[in-house]
Amino acid sequence: MSCNPSFGGIGKGHLMREVDALDGLCSRICDQSGIHYKVLNRRKGPAVWGLRAQIDRKLYKQNMQKEILNTPLLTVQEGAVEDLILTEPEPEHTGKYRVSGVVLADGSKVYAESVVLTTGTFLRGMIVIGLEMHPAGRLGDQPAVGLAQTLEKLGFVVGRLKTGTPPRIAKESVNFSILNKQTPDNPSIPFSFINQTVWIKPEDQLPCYLTHTNPRVDEIVLENLHLNCHVKETTRGPRYCPSIESKVLRFPNRVHQVWLEPEGMDSDLIYPQGLSVTLPAELQEKMITCIRGLENAKMIQPGYGVQYDYMDPRQISPSLETHLVQRLFFAGQINGTTGYEEAAAQGVIAGINASLRVRHKPPFVISRTEGYIGVLIDDLTTLGTNEPYRMFTSRAEFRLSLRPDNADSRLTFRGYKEAGCVSQQRYERASWMKSSLEEGISMLKSIEFLSTKWKNLIPESSISSGKSLPLRALDVLKYEEVDMELLARAVPEPLKKYTQCRELAERLKIEATYESVLFHQQQEIKEVQRDEALQLPKDLDYLTLKDISLSYEVREKLHFSRPQTIGAASRIPGVTAAAIVNLLRFVKTTQQRQAAMNRVPKTDQQLHDTDRLEESQL
Amino acid sequence: MWRGLWTLVSRAARGPHSPRLCTRQGSGYRAPGSGATIFALSSGQGRCGIAVIRTSGPASGHALQSLTAPRDLPPARKACLRLLSDPRSGEPLDRALVLWFPGPQSFTGEDCAEFHVHGGPAVVSGVLQALGSVPGLRPAEAGEFTRRAFAHGKLSLTEVEGLADLIHAETEAQRRQALRQLDGELGDLCRGWAETLTKALAHVEAYIDFSEDDNLEEGVLDQADSEVRKLEVALGVHLRDARRGQRLRSGAHVVVAGPPNAGKSSLVNLLSRKPVSIVSPEPGTTRDVLETPVDLAGFPALLSDTAGLREGVGPVEQEGVRRAQKRLEQADLILAVLDASDLASPASCNFLDTVVIPAGARNPNGSRQRLLLVLNKSDLLPAGRSDLHPDLPSHLLLSCLTGEGLDGLLEALKKELAALCGDPSTGPLLTRSRHQHHLRGCLDALGQYKQAKDLALAAEALRVARGHLSHLTGGGGTEEILDIIFQDFCVGK
């Protein structure tokens, strides 16, 4: 955790749940290391709840290292990677080279069947404070220059992005007593599906505090723009999470929030979220002290900006393997994203696929109809990005289906069967939950009374008793003020048993809330999935392909992004409907070829599985 | 994705006669990947005896039953005669042959229905609109039937090769139609609505994604609410304005006007091929507005005969003149009739000055009143005289008595009506039914938005509403919404 001391948030919490559903680590570690758990967007509907927590940096590091170092069959070696070891490509796959290991800074070699690069902000990283620039991946760490040069020489299209981090403030120098205090949720909602609770009780957790900027802050920023080269540069930074300088410049005469967040249980540091700044250090201190509550604040470490290389993500496939170098996978900021959660989401997919690739198994790809992870990777690989990409719930077109509460039923089974990345314990828990939910929903559908009777049974509900219509228990559960507890009190037999597990009761309520809309969404999802099922041959050379009528512009776009499915191709801007149909011909020929190769026994089993899964989704 | 692929591969490999698939045939059959049910006019262009309207998708059976209610589904692949009526109003539409093709043994591999209706534009448009009102049905996108057939392994490779051209042609046609329809007032309206909605949605999305992190302006949601309310009213008014939608169903309003005794009634009778109006040599014979539906050069039209325009007559005739003038204001097309042998008379001059000349001028919203000037009684003119009046606007010569000049008039009428109603082939019918479908869908979704307590549901309703509008106006991705968010708000982590 090299920037903010927190995990999750709106949209990001969804990613956390999905990473966890695939047995990724960060969610479980956060349940052991958090110091302030709070779900955002509580009042806006469970589809957009944002699970979030302040995390103790030290604890997170300890717990993560313990977990990693105790993972069987895993060797951990620390060292800076300077170069890649490349060999001849495998003829049956596309790509000019194949990676077979890495060269470390000390010249030693580590051989590998596949390699995942997660370079963060280190590729030709440059730290900026005021007018000073230093080569560094982050404060105190050397950048990776050799590796960046290698990638560029191989022919990767490289871009440059920037981000920033706020100064750190001494905790004892802040006057919290005059600020708004924010207390954590009670009870805490864990990130992981396999945890019922987090490691710490709500009353033992730490609060956060809220303060605001003021016109004096604006003045200091505006008077010193000439001392601030990070802000003036044309390198693209995020439009969200902007530095205080860009906030002042873009929205003058406004007051902005500053959250004072603890960095750890026994840490002396406060992280002032919202104050990311690249002014010279002494001006940063001056700016901080004109903020309410920070009048006597002591700056321990200045804020700074980071500029770094990223590889245009249209050069990777949805399995995160690069088009250019076989068995080389990219994940995280190297693909132009920002945030721990976005990085973790790519990390788990890259890891799974690096392993599947070695075992000659088909890649594990999540569609945008299945998860935020799918939305993230599809956006990156088909559209690319020119600013640090962050997840929002508004990026997901099937937001009502892709909820934090149901990530396990969307992904855990696929992870278990196709990727082998899910533990038995998690698989069983998810299976139990899934069958309980199905049973509960059909039970709720089967109980039907007249609305007048429901009104008598649950007087506190807003059911209209004017017209007497038959209502299913599931419809009653849709009312905002009705939950499983109330419903089970009204109809104890057979509903009581569904209230014994809190998670189950809450999930039934959520399923009821969205039931009517989900039916329609399911139809749309199927239409998208139909196009996703039509795979484009990977070895298609779009630039020289004859017997196909495609404009040069379309050819270039397809050549660069190498979409894997008709669905992905149709989302590339500038690829026309007619071009799509021409592509369909190739899908058809490939399918016939593949069909001839994969005769009945295997496909029948696959087909069977698919149908079962699809039925249960409805 | 892989699972989906294998499904398709195995299906294609085993062909449509796999025994396992056949056991699932019949109503309600749902192939994996099938979604909404689509409909379209699938017979050829132009006016024809029979038009074929097709549906494909899981709700086809339901659609067939809805339009032929309360009858059961006909036996599979057997033509049956049924009375079609609008499921909302019960209004009869046509007596038609219907066919039921349960999937997978159908053109697309899905459940399909076919309606063989009489080929008039009014009937076709009525049936398309009725289908659009059945839940789960939407107008097909360009090439969508063929795409579905392809997806279900119903097309051979050679057939697919023609598909790109077809889709290209269809999208081009649809684009041109959309452009034509979106040209002018209606287009501006639609674009305005889409902008309003995009902004409202962006604000709701900003509230969902950012409000807890940073300080959005107070009342972002209230603002969105009030925008949506205004939009709802505007859409409602537009949809209730039956005129636009009905021009093709009930016909364009063609008003025959002119000074007394110019031969208006004779022209009406000639065009309608029946004695609608009493004809006499006496000026002022027609005193009220007489309407008759006619087929003019292949277009449905409502032909109105009006009282001759003159002043200083008795109260009954004056009322007739008043009604005639009112009707003129509502006309889609004016057939201005003058007596060719009497052009210099005060009545003729007055008519030219007050009706014909002003019609040629642009009104404030930039359009012109459509008008055809017909000089009747050409048989009374000395032979070879074509330079009647040097200042006369462009005109047509006609003799209602001999029928001379009628072909020329019909040709001119066809041109005017084509411009008014659009091409009578698939174009306007489809675009109109699409238009109505999407506007109604948008309005319904806005209703859902108001009811939704859960903000994610509310935003979903707005997304659906916006999806409908962007079908009409094009454009509108997530990036557009994010652009508005970042332009309007300063949002932090």
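Note that the structure is a prediction, hence the values are computed from the model and not measured.

Conventions and cut-offs
Residues numbered from 1 in each chain as written. Chains lettered and ligands numbered in written order. Predicted model: local features only at pLDDT ≥ 70, side-chain atom pairs only at ≥ 80, totals over all residues. Heavy atoms only, no water. Helix = DSSP H or I, 4+ residues; strand = E, 2+ residues; numbered from the N terminus. Rg over C-alpha atoms; globule rule 2.2 N^0.38 Å. Buried < 20%, exposed > 50% of the residue type's maximum accessible area, 1.4 Å probe, protein only. Contact = heavy atoms within 4.5 Å. Areas by Shrake-Rupley, 256 points an atom, 1.4 Å probe, with all protein chains shown as cover. Lys, Arg positive; Asp, Glu negative; His and termini not counted. Charge placed at Lys NZ, Arg CZ, Asp CG, Glu CD. Pairing = 2+ DSSP bridges. Core = buried A, V, L, I, M, F, W, Y, C linked by side-chain atoms within 4.5 Å. pLDDT = per-residue confidence, 0-100. Axes fitted to C-alpha atoms, helices over the stretch in contact; angles between N-to-C directions. Polar contact = N/O pair within 3.5 Å; in protein donor to acceptor, adjacent residues only side chain to side chain. Patch = residues over 30% accessible without salt bridge, like charges linked within 9 Å, V, L, I, M, F, W, Y side chains within 5 Å. Salt bridge = Lys/Arg side-chain N within 4 Å of Asp/Glu carboxyl O. Phe/Tyr/Trp six-rings, centres within 6.5 Å; stacked < 30°, edge-to-face > 60°. Lys NZ or Arg CZ within 6 Å of the ring centre and 35° of its normal. Left-handed = near helix turned anticlockwise from the far one by under 90°. Nonpolar A, V, L, I, M, F, W, Y, C, P; charged D, E, K, R; others polar. Domains from an automatic or database assignment. Parallel < 35°, antiparallel > 145°, perpendicular 65-115°, else oblique. Expected span 1.5 Å × (residues − 1).

Asker: Got a sec to walk through the overall build of chain A? Specific residues and values, please.
Answerer: Broken down by element type, chain A carries 21 helices and 21 strands. Scaling as 2.2 N^0.38, a compact globule of 618 residues should have a C-alpha radius of gyration of about 25 Å, and chain A matches this with 26 Å. Along the first, second and third principal axes, the C-alpha atoms of chain A reach 75 × 70 × 50 Å. The buried share of chain A, taken over its 618 residues, is 60%. Long-range pairs, those at least 24 residues apart, make up 71% of the contacts in chain A between residues at least 6 apart in sequence. In the form shown here, chain A has an accessible surface area of approximately 25,400 Å², with 53% of it arising from carbon and sulfur atoms. When the 76 positive and 75 negative side-chain charges of chain A are each reduced to one mean point, those points stand 2 Å apart.

Asker: Explain the pairing of strand β7 (residues 252-257) of chain B to me, using residue names and the numbers behind them.
Answerer: All names here are of chain B. The buried fraction of β7 amounts to 6 of the 6 residues, a majority that puts the element mostly inside the structure. Side chains of β7 alternate between two faces, with Ala252, Val254 and Val256 and His253, Val255 and Ala257 buried alike. As paired strands, β7 and strand β9 (residues 299-305) are joined by 5 bridges and run parallel to one another. Bridging across to β9, His253 finds its partner in Leu302. Bridge analysis of β7 against strand β10 (residues 333-339) gives 4 bridges, and the strand direction is parallel. Each bridged residue has a counterpart across the sheet, and for Ala257 the counterpart in β10 is Ala336.

Asker: Describe in detail the nonpolar core, supporting the description with residues and values.
Answerer: The biggest cluster of nonpolar side chains holds 71 residues, and the ones touching the most others in it are Leu151(A), Phe156(A), Leu328(A), Phe330(A) and Ile349(A). If you tally residues by element for this core, the top one is helix α9 (residues 340-358) of chain A, at 9 residues. Apart from residues lying up to four places away in sequence, Phe330(A) is in contact with Leu117(A), Leu151(A), Phe156(A), Met311(A), Ile316(A), Leu320(A), Thr322(A), Asn335(A) and Ala350(A). Of all hydrophobic cores here, the second largest spans 34 residues; its members include Leu518(A), Leu446(B), Ala456(B) and Ala458(B).

Asker: Could you give me a rundown of the confidence of the model for chain A, with the residues and numbers involved?
Answerer: Here chain A averages 90 in pLDDT, while 93% of its residues score no lower than 70. Confidence drops under a pLDDT of 50 for residues 600-618 of chain A, and excluding neighbours within four residues, the segment shows 26 contacts in the predicted structure.

Asker: Pulling in residues and values, what's your account of the sheet that holds strand β4 (residues 92-101) of chain B?
Answerer: Residue and element names in this part refer to chain B. Read across the open sheet, the 6 strands follow the order β3-β4-β5-β2-β1-β6; overall the sheet is mixed. Each having just a single partner strand, β3 (80-85) and β6 (137-139) make up the two edges of the open sheet. Averaged over all neighbouring strand pairs, the angle between strand axes comes to 30°, with direction disregarded. Of the pairings in the sheet, the one linking strand β2 (residues 50-56) to strand β5 (residues 112-118) comprises 7 bridges and is antiparallel in character. Within β5, the residue paired with Arg54 across the bridge is Glu114. Strands in contact with helix α5 (residues 144-151) are β1 (37-41), β2 and β6; relative to β1, the strand with the most contacts, it is inclined by about 130°.

Asker: An account of the side chain of Glu114(B) is requested, with residue identities and associated values reported.
Answerer: All names here are of chain B. On the secondary structure map, Glu114 appears in strand β5. For Glu114, a relative accessible area of 12% puts it in the buried group. At 3.2 Å, the side chain of Glu114 forms a polar contact with the side chain of Arg54. For Glu114, the side chain forms a polar contact with the side chain of His116, separated by 3.0 Å. Among all residues touching Glu114, those that are not within four sequence positions of it are Val52, Ile53, Arg54, Leu97, Val98, Leu99 and Phe101.

Asker: Please provide a residue-by-residue account of a nonpolar patch on the surface, values included.
Answerer: Residues Leu69(A), Leu74(A) and Val76(A) make up a contiguous nonpolar surface patch of about 290 Å² in total accessible area. Looking at the element boundaries, Val76(A) is found in the loop between α3 (57-69) and β4 (81-87).

Asker: Which residues make up the side chain of Asp332(B), and what values go with them?
Answerer: Residue position: Asp332(B) is located in the loop between α11 (315-330) and β10. There is a polar contact of 2.8 Å between the side chain of Asp332(B) and the backbone nitrogen of His253(B).

Asker: Can you lay out the packing of aromatic side chains for me, pointing to particular residues and giving the numbers?
Answerer: All names here are of chain A. In the structure shown here, the tally under the stated rule is 9 aromatic pairs over all chains. Three or more aromatic residues joined by ring pairs make a cluster, and in this case those are Phe7, Tyr60 and Tyr340. Residue placement shows Arg17 over the ring face of Phe193; its charged tip is 4.7 Å from the ring centre. Note that Arg395 overlies the ring of Tyr389, its terminal NZ or CZ placed 3.9 Å from the centroid.

Asker: Residues and numbers for the packing of helix α17 (residues 502-532) of chain A against α5(B), please.
Answerer: The interhelical angle for the contact between α17(A) and α5(B), taken along N-to-C directions, is 65°, at an axis separation of 11 Å. Seen from above, α17(A) lies across α5(B) with left-handed handedness. Together, Glu527(A), Arg530(A) and Asp531(A) of α17(A) and Glu144(B), Arg147(B), Arg148(B) and Ala151(B) of α5(B) make up the contact between the two elements. Considering only residue class, the contact of α17(A) with α5(B) consists of 1 nonpolar, no polar and 6 charged.

Asker: A description of the pairing of strand β3 (residues 50-55) of chain A should follow, citing residues and the corresponding values.
Answerer: Residues and elements named next belong to chain A. Counting buried positions along β3 yields 6 of 6 residues, so the element is predominantly enclosed. Strand direction decides the pairing type here: strand β1 (residues 6-8) and β3, joined by 3 bridges, are antiparallel. When the sheet's bridge partners are listed, Phe7 is paired in β3 with Ala53.

Asker: Quick rundown of the pattern of salt bridges? Include the residues and the values.
Answerer: Applying the stated criterion across every chain yields a total of 50 salt bridges over all chains. Across the pair Arg403(A) and Asp405(A) runs a salt bridge whose closest N-O atoms are separated by 2.8 Å. You'll find Arg403(A) and Asp405(A) in the same group, each marked buried. Arg148(B) is the salt-bridge partner of Glu110(B), the closest N and O atoms lying 3.0 Å from each other. Taken together, the residues Glu110(B) in the loop between β4 and β5 and Arg148(B) in helix α5 connect sequence positions 38 residues apart. For Arg148(B), a relative accessible area of 0% puts it in the buried group. A single network of salt bridges, built from pairs that share partners, joins Arg368(A), Asp378(A), Asp379(A), Glu397(A), Glu532(A) and Arg571(A).

Asker: Requested: an account of the domain arrangement of chain A, with residues and values cited.
Answerer: Its domain assignment divides chain A into domain 1 (6-395), domain 2 (424-520) and domain 3 (534-598). Using only C-alpha atoms to locate each centre, domain 2 of chain A and domain 3 of chain A end up separated by 46 Å.

Asker: Give a description of the sheet that holds strand β15 (residues 269-273) of chain A that names residues and reports values.
Answerer: All names here are of chain A. If you walk across this open sheet you meet the 6 strands as β12-β13-β14-β15-β11-β16, and the pairing is antiparallel. With partners counted over all chains shown, the strands left at the sheet margins are β12 (180-182) and β16 (299-301), one partner each. On average, adjacent strands in this sheet sit at an angle of 35° to one another, irrespective of strand direction. Direction of pairing for β12 relative to strand β13 (residues 208-212): antiparallel, over a ladder of 3 bridges. Among the inter-strand pairings, Lys181 is bridged to a residue of β13, identified as Tyr209.

Asker: Hey, could you go over the environment of Leu225(A) for me, with residue numbers and the actual values?
Answerer: Here Leu225(A) lies in the loop between α5 (215-223) and α6 (229-232). Since its relative accessible area comes to 24%, Leu225(A) is described here as partly exposed.

Asker: Can you tell me about unusual backbone geometry, naming the residues and giving the values?
Answerer: As a rule of thumb, non-glycine residues mostly have phi less than zero, and peptide bonds are mostly trans rather than cis. The linkage connecting Asn186(A) with the following residue, Pro187(A), adopts the cis geometry, with an omega of 5°. Inspection of the secondary structure puts Pro187(A) in the loop between β12 and β13. Along the chain, Gly103(B) connects to Pro104(B) via a cis peptide bond; the corresponding omega equals 5°. You will see that Leu73(A), though not glycine, has its phi angle at about 65°, which is positive. Mapped onto the secondary structure, Leu73(A) falls in the loop between α3 and β4. Unlike most non-glycine residues, Arg77(B) shows phi in positive territory, near 60°. Within the fold, Arg77(B) resides in the loop between α3 (60-68) and β3.

Asker: How would you summarise the packing of α5(A) against helix α8 (residues 281-288) of chain A if you had to cite specific residues and measurements?
Answerer: Residues and elements named next belong to chain A. Two elements in contact, α5 and α8, have axes separated by 9 Å at closest approach and are oriented at 165°. Here α5 is positioned roughly antiparallel relative to α8, judged by the angle of their axes. As α5 packs across α8, the resulting crossing turns out to be right-handed. The segment α5 lies against α8, with Arg216, Val217, Ile220 and Val221 engaging Leu283, Lys286 and Met287. Taken together, the residues that form the contact of α5 with α8 break down as 5 nonpolar, no polar and 2 charged.

Asker: Before we move on, can you summarise α9(A) with the specific residues and values?
Answerer: Residue and element names in this part refer to chain A. Compared with an ideal rise of 1.5 Å per residue, which puts 19 residues at 27 Å, α9 spans 27 Å between its outermost C-alpha atoms and is within 8% of the ideal. Taking burial as the measure, the 19 residues of α9 include 14 buried ones, the bulk of the element. Positive phi shows up at His360, right after α9, with a value of about 60°.

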